[in-house]
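Examining the three-dimensional arrangement
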Amino acid sequence: MSTPTVTVVVPTLAADSALTECLRSLEAQSYGELEVVVVDNSGLGRARGLLPEGCRAHVIENRMNAGFGGAVNQGIQWSHAPYVATLNDDAVAHPDWIAALVRAMEARPEVGLCASSVRLHDGAGLDSAGMLICADASSTQRGHGADPGLYSCTEEALLPSGSAAMYRRTMLAQTGGFDADFFLYCEDTDLGLRALWAGWRCLYVADALVEHRYSHSAGRASSLKAYYVERNRVWVAMKNFPLRMLLAVPFVSMARYFWHVAMLLQGRGKAAEFAGQGGGAAKLAWLVLRAHLALLRALPALLTKRRGIRSGARIGAAEFARKLRRHSVSAKQVAAH
């Protein structure tokens, strides 16, 4: 049997009926030269029993949760396809999803990453059309909640959401793939920025359609998510931001915290959503403190990674900063998102 052109890696923690629906959508792809790898992070071996009848997906079973990036890396290491796609277990791909991404990649060899048009499954609009980044390294979905028609053109993006993306294997080999130390959240942002430093471009492919149940596994505003998003945000900055941008991070972070508090008092925004799910201002402040203490513990390793990224850089700090400004979002917008 010849090597497939595309490997689709589906990490799963919940390993529930949503996974079955996801895999059915991959079985229905119009593009035939693909293989599917399910990485079961449940620790209970549940995924194998959820494969649709006749599904030939390869299953990797972990005894404990390896996190999103670690699971995807396992799928990458198992496979040999020139393109690797990632798909959340709570997402359903339209039949031409893979075909659209492959066409885009093959037409532009300088493109190392592709973002999909990810729609919210309840018809509430767009989930993401790629990602945007704030000057404090917070990342958020471009176009979240908007009319998908506003993002109907294929165009350059900063980086894709790992919920539904395609990566060129040569880019993954050059950059080292996902950083498994992130465990959950922001690992796609980190990989996208490392790919940018290495000279690769990202493309948003408007006709690569996926429907996604937003934060199905970890919840929209859980303590788990709040901690890892904040910890990994500062990790992204420490690893990837040029010195001038890095020095501005604490000030932009303070502005974002201000807007979180202001919107919490108005009953809107991410902080209000967190409070509505049983959290509170004191708990949120503790999670932020924990995240920064984790930065101190990880600082030697992060600085080593930072030096490795810069030593292999193919663009300068000024060009990197220009790219981020072109795909930026304000601290207030992050707090409201």
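Above this note sits the structure.
Okay, so let's go over this structure. Because the structure is predicted, anything quoted here is derived from the model rather than measured. Residue numbering note: each chain is counted from 1, following its sequence as written. Residue-level local features of this predicted model are given only where pLDDT is at least 70; pairs of side-chain atoms are given and counted only at 80 or more, and the full residue set underlies all totals for whole chains, interfaces and linings. Based on all heavy atoms of the structure, the side-chain values leave hydrogens and waters out of the count.

**Description of the pairing of strand β6 (residues 111-120)**
Rules: Throughout this description, buried means an accessible area under 20% of the type-specific maximum (1.4 Å probe, protein chains only), exposed means over 50%, and partly exposed covers the range between. Put simply, DSSP H or I for four residues or longer makes a helix, DSSP E for two residues or longer makes a strand, and each gets a number counted from the N terminus. Between any two strands, at least two bridges found by DSSP are needed for them to pair.
Among the 10 residues in β6, 9 count as buried, and that is most of the element. Judged from the 9 bridges that link them, β6 and strand β12 (residues 201-212) form a sheet pairing that is parallel. When the sheet's bridge partners are listed, S116 is paired in β12 with V205. Pairing geometry for β6 and strand β11 (residues 164-168), over 3 bridges, is antiparallel. The residue bridging A115 from the neighbouring strand is A165, located in β11. Strand direction decides the pairing type here: β6 and strand β7 (residues 126-128), joined by 2 bridges, are antiparallel. Of the residues in β7, the one forming a bridge with R119 is L126.

**Structural notes on the pattern of salt bridges**
What counts here: Salt bridge, as used here: a side-chain nitrogen of Lys or Arg that lies within 4 Å of a carboxyl oxygen of Asp or Glu.
In total, this model carries 15 salt bridges according to the counting rule given. Close ionic contact of R201 with E156 constitutes a salt bridge, the shortest N to O distance being 2.3 Å. Here R201 is found in strand β12, whereas its partner E156 is found in strand β10 (residues 155-157), with 45 residues between them in sequence. Residue R201 is classed as partly exposed on the basis of its relative accessible area of 31%. Among the charged side chains, a network of salt bridges with common partners joins D179, D181, D190, R194, K239 and K305.

**Regarding the packing of helix α7 (residues 243-265) against helix α9 (residues 281-311)**
Heads up, the condition is: Fitted lines through C-alpha atoms give the axes, limited to the stretch in contact for helices. The angle between two N-to-C directions lies from 0 to 180 degrees. Note on angle classes: values under 35 degrees are labelled roughly parallel, values over 145 roughly antiparallel, values of 65 to 115 roughly perpendicular, and the remainder oblique. Left-handed is the label given to a crossing in which the near helix is rotated counterclockwise from the far helix by less than a right angle, and right-handed is the label when the rotation is clockwise. Here a residue-residue contact requires only that any non-hydrogen atoms of the pair lie within 4.5 Å. Note on residue categories: nonpolar means Ala, Val, Leu, Ile, Met, Phe, Trp, Tyr, Cys or Pro, charged means Asp, Glu, Lys or Arg, and polar means any other residue, Gly included.
Relative to each other, α7 and α9 sit at 165°, their axes nearing to 13 Å. Classified by the interaxial angle, the pair formed by α7 and α9 is roughly antiparallel. In this structure, the crossing between α7 and α9 has a hand that is right-handed. For the pair formed by α7 and α9, the contact residues are L243, L246, Y257 and L264 on the first element and A281, V288, H292 and R306 on the second. Residues belonging to the contact of α7 with α9 are distributed by class as follows: 6 nonpolar, 1 polar and 1 charged.

**Some remarks on the packing of helix α6 (residues 223-240) against α9**
Viewed as axis vectors pointing N to C, α6 and α9 meet at an angle of 30°, and their least axial separation amounts to 7 Å. Viewed along their axes, α6 and α9 form a crossing whose handedness is right-handed. Of the residues in the contact of α6 with α9, the class split is 17 nonpolar, 3 polar and 8 charged.

**Examining helix α1 (residues 17-27)**
Working note: α-helix, 3.6 residues per turn, so residues spaced by three or four point in the same direction. Among all positions in α1, only A18, L19, T20, C22, L23, S25 and L26 are buried. Those residues of α1 hidden inside the fold are in contact with β1 (6-12), β2 (34-40), β4 (83-87), β5 (91-93) and α3 (97-107).

**Looking at the pairing of β11**
The two faces of a sheet get side chains in turn, since along a regular strand they alternate between them. The buried count for β11 comes to 5 of 5 residues, which makes it a mostly enclosed element. Every second residue of β11 is oriented toward a common face, with A164, M166 and R168 on one face and A165 and Y167 on the other, all of them buried. With 5 bridges connecting them, β4 and β11 associate as antiparallel partners. Of the residues in β11, the one forming a bridge with T86 is A165.

**Some details on α6**
The condition that has to hold: One less than the residue count of a helix, multiplied by 1.5 Å, gives the span that helix is expected to have.
With 18 residues, α6 ought to run about 26 Å at 1.5 Å a step, and its terminal C-alpha atoms sit 26 Å apart, in line with that. Of all 18 residues making up α6, 14 are buried, and the element is well covered by its neighbours.

**Some remarks on the environment of P95**
Of note, P95 is situated in the loop between β5 and α3. For the pair formed by P95 and A208, sequence separation is 113 residues and the distance between their alpha carbons is 9.2 Å. Discounting chain neighbours no more than four positions away, the residues touching P95 are A28, Q29 and S30.

**Looking at the packing of aromatic side chains**
Quick note on the threshold: Between the rings of Phe, Tyr and Trp (Trp by its six-membered ring), a pair exists once the centres lie within 6.5 Å; its type follows the angle of the planes, with under 30 degrees stacked, over 60 edge-to-face, and the other angles tilted. In this scheme, the term charge over a ring applies when either NZ of a lysine or CZ of an arginine sits within 6 Å of the ring centre and within 35 degrees of the ring normal.
Here the structure, examined in full by the defined rule, presents 7 aromatic pairs. Measuring from centroid to centroid gives 5.1 Å for Y227 and Y228, while their planes differ by 65°, and the two rings are edge-to-face. Both residues of the pair, Y227 and Y228, belong to the buried class. An aromatic cluster of three or more residues is present, and its members are F68, Y167 and F178. Above the ring of Y204, the side-chain terminus of R142 is found at 5.1 Å from the ring centroid. Geometry around W235 places R231 over its ring, the cationic atom sitting 3.9 Å from the centre.

**Thoughts on empty space enclosed by the protein**
Empty space left among the atoms is revealed by rolling a probe the size of a water molecule over them. What counts, and what does not: Detection works on a 1 Å grid of protein atoms alone, calling trapped sets that fit a 1.4 Å probe cavities and calling open sets with protein on both sides within 12 Å along at least five of seven lines pockets, with lining residues defined by an atom within 4 Å of a point. Grid points are joined across faces, edges and corners, and a volume is the space filled by probe spheres set on the points.
Scanning all chains against the criterion turns up 1 cavity of 30 Å³ or more. What the largest cavity holds in volume is close to 70 Å³. Contributing to the lining of the largest cavity are L113, E156, A157, L158, G192, A195, L196, W200, R201, C202, K323 and H327. When residues of the lining of the largest cavity are traced back to their parent elements, those giving at least two are β10, α5 (187-197) and β12. Counting residues per element, the lining of the largest cavity draws most heavily on α5, at 3 residues. In terms of residue class, the lining of the largest cavity is made up of 7 nonpolar, 2 polar and 3 charged.

Such coordinate-based values are descriptive only and should not be taken to indicate function.
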